[in-house]
Amino acid sequence: ALLGFTLAIFMVASEFVARLALADVTTTGDNSSYLALRWREGVEHNALGFRERELRDRPLEDGVRIVALGDSLTYGQGVSTPERFSERIEAALDRTGPGDFEVLNLGKPGASTQDELETLRAVVLDLAPDFVLLQWFPNDVEHDVGGRPRYWRLIPSDRLSGFLHQNSVLYYLVNSSWTVLQDALGLVERYDDYLDRSLADPSSAAWQSAASAFRQIAETCESAGIGLGVVLFPMLRVDWGPLFLHERVLAQCRDLGLECFDLTPVYAGAGGGARALWVNRFDQHPGPEAHRLAAEGILERFGPGWRAAAASRKQPTPLPMR
């Protein structure tokens with residue numbers, strides 16, 4: 001009993017110290033952890049669940065409406081709202097004009113390309129945007145994540161493990177170290193090996209499903225008279241992730257006649273390495289600097305067309321001849 005009581009006191013004290021030590025950490029790569037859930041409590045969402053202002057389904061008069069469609073990178077996991085690339089783009093367009101610009105962020109954590117197609121049909125078309133900016137990330141091709149490598153848990157019970165994951169910083173730290181150890185010892189399949197196994201063959205069911213959804217997004221936008229551009233975000237690590245998927249998406253963009261912008265060279269040339277672009281040491285999502293670089297690159301690639309569209313709408317209507 002004394003040993004158990006002492007251990008309990010030690011665990012509670014360790015939890016307190018861990019929370020105090022990581023008070024500056026916003027999120028983790030796993031958005032269901034205690035730290036990520038704590039951060040998300042302070043994030044405001046609209047009636048449709050997006051981290052955005054309330055949406056107006058009528059067209060933007062005398063202005064240009066742009067919709068950013070993507071996953072947790074567009075959502076801005078771990079960064080404040082003004083730091084996201086969508087807000088930076090809107091602010092820059094408003095400063096440099098001419099015309100009014102509205103950049104709506106419809107990022108959804110965990111969204112795949114198929115999910116983004118559904119959002120396009122269910123929400124975006126009603127907004128009548130002038131342009132859709134589709135954010136792409138390598139794991140967007142995974143509509144079914146059930147095939148991912150499964151790590152051995154510290155605690156076999158799903159219920160207890162889930163409870164501790166959502167409520168304990170100490171458990172998150174210990175479990176993360178256990179996960180890293182499994183990778184180092186080769187106890188589980190590496191994530192890159194899993195991607196190669198399931199996606200290296202372009203005729204695989206996983207790739208064909210993602211490619212079909214990508215093509216349907218392009219066709220839906222074209223049918224609705226909406227401009228479409230694609231921006232590719234790499235994995236923020238030394239090798240920038242599975243670049244064969246980038247090449248495949250770029251090829252699909254060429255086949256569909258889409259403007260496609262790969263951020264990999266931008267990030268690789270930024271200096272400081274991929275780690276300097278992370279949200280924090282526990283979360284490899286793009287941080288403020290990565291969002292800033294993305295906004296600048298996107299504006300350089302797509303901004304002239306957006307400004308030209310706004311300028312054309314500001315031209316005075318000629319009076320009829322008497």
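The written sequence of each chain sets the order in which its residues are numbered from 1. Thresholds applied to this predicted model are a pLDDT of at least 70 for local features of residues and 80 or more for the giving and counting of side-chain atom pairs; totals over whole chains, interfaces and linings are not thresholded and use all residues. The basis for the side-chain values is all heavy atoms of the structure; hydrogens and waters are excluded.

Asks: Explain the nonpolar core to me, please; I cannot follow it from the model alone.
Replies: Across soluble globular proteins, nonpolar side chains have a tendency to be buried as a group. Formed by 68 residues in total, the largest nonpolar core has its most connected members in Tyr267 and Trp306. Here this core takes 9 residues from helix α12 (residues 288–314), the largest share from any one element. Within this scheme, the nonpolar core is defined by two criteria: the residues are buried Ala, Val, Leu, Ile, Met, Phe, Trp, Tyr or Cys, and they are joined through side-chain atoms within 4.5 Å. Per-residue accessibility, obtained with a 1.4 Å probe over protein chains only, is compared with the maximum for each type, and a residue is labelled buried under 20%, exposed over 50%, and partly exposed between these values. Counting residues in each nonpolar core, the second largest holds 6 residues, with Leu22, Val25, Leu35 and Val169 among its members. Strands here mean DSSP runs of E at least two residues long; helices mean DSSP runs of H or I at least four residues long; both are numbered from the N terminus.

Asks: Before we go on, may I ask you to explain the packing of aromatic side chains in this structure?
Replies: For any pair of aromatic rings, the description consists of the separation of the ring centres together with the inter-plane angle of the planes. Only rings of Phe, Tyr and Trp enter the pairing, Trp through its six-membered ring, and a pair is recorded when the two centres are within 6.5 Å. The plane angle decides the type: under 30 degrees is stacked, over 60 is edge-to-face, the rest tilted. Scanning the model with the defined rule gives 7 aromatic pairs in all. Between Phe131 and Phe302 the ring centres are 5.7 Å apart and the planes differ by 55 degrees, which places this aromatic pair in the tilted class. Taken together, the residues Phe131 in strand β3 (residues 131–136) and Phe302 in helix α12 connect sequence positions 171 residues apart. Across this residue pair, the class does not change: Phe131 and Phe302 are buried. Plain terms: the ring middles of Phe131 and Trp306 are 5.3 Å apart, the flat faces sit at 75 degrees to each other, and that makes the pair edge-to-face. On the criterion of sequence distance, the pair formed by Phe131 in strand β3 and Trp306 in helix α12 is long-range, its members being 175 residues apart. A relative accessible area of 12% places Phe131 in the buried class. Since its relative accessible area comes to 4%, Trp306 is described here as buried. Taken together, the ring pairs in this structure connect Phe85, Phe233 and Tyr267 into an aromatic cluster. The cationic tip of Arg19 hangs over the ring face of Tyr34; the distance from NZ or CZ to the ring centre is 4.2 Å. Throughout this description, the term charge over a ring refers to an Arg CZ or Lys NZ atom that lies within 6 Å of the ring centre and within 35 degrees of the ring normal. Of note, Arg248 hangs over the ring of Trp207, and the distance from its end group to the ring centre comes to 4.9 Å.

Asks: I tried to follow the sheet that holds strand β4 (residues 227–232) on my own but got confused; where do I start?
Replies: Within a sheet, neighbouring strands are paired by backbone hydrogen bonds and run either parallel or antiparallel to one another. One requirement defines pairing of two strands: DSSP has to find at least two bridges between them. Spatially, β2-β1-β3-β4-β5 is the arrangement adopted by the 5 strands of the open sheet, whose pairing is parallel. Every interior strand has two partners, whereas the edge strands, β2 (100–107) and β5 (259–262), have only one. Taken over all neighbouring pairs, the strand axes of this sheet differ in orientation by 20 degrees on average, direction set aside. Two elements, β4 and β5, share 4 bridges in a ladder whose sense is parallel. The residue bridging Leu232 from the neighbouring strand is Asp262, located in β5. Here, two residues are considered to be in contact whenever any of their heavy atoms come within 4.5 Å of each other. Here an angle of 0 to 180 degrees is reported between the N-to-C directions of two axes, which are lines fitted to C-alpha atoms, with helices fitted over the stretch in contact. Here helix α4 (residues 85–96) sits on the sheet and contacts β1 (63–70), β2 and β3; the angle it forms with β2, its principal contact strand, is near 175 degrees. Along the sheet face, helix α5 (residues 113–127) touches β1, β2 and β3 and points at about 155 degrees away from the line of β1.

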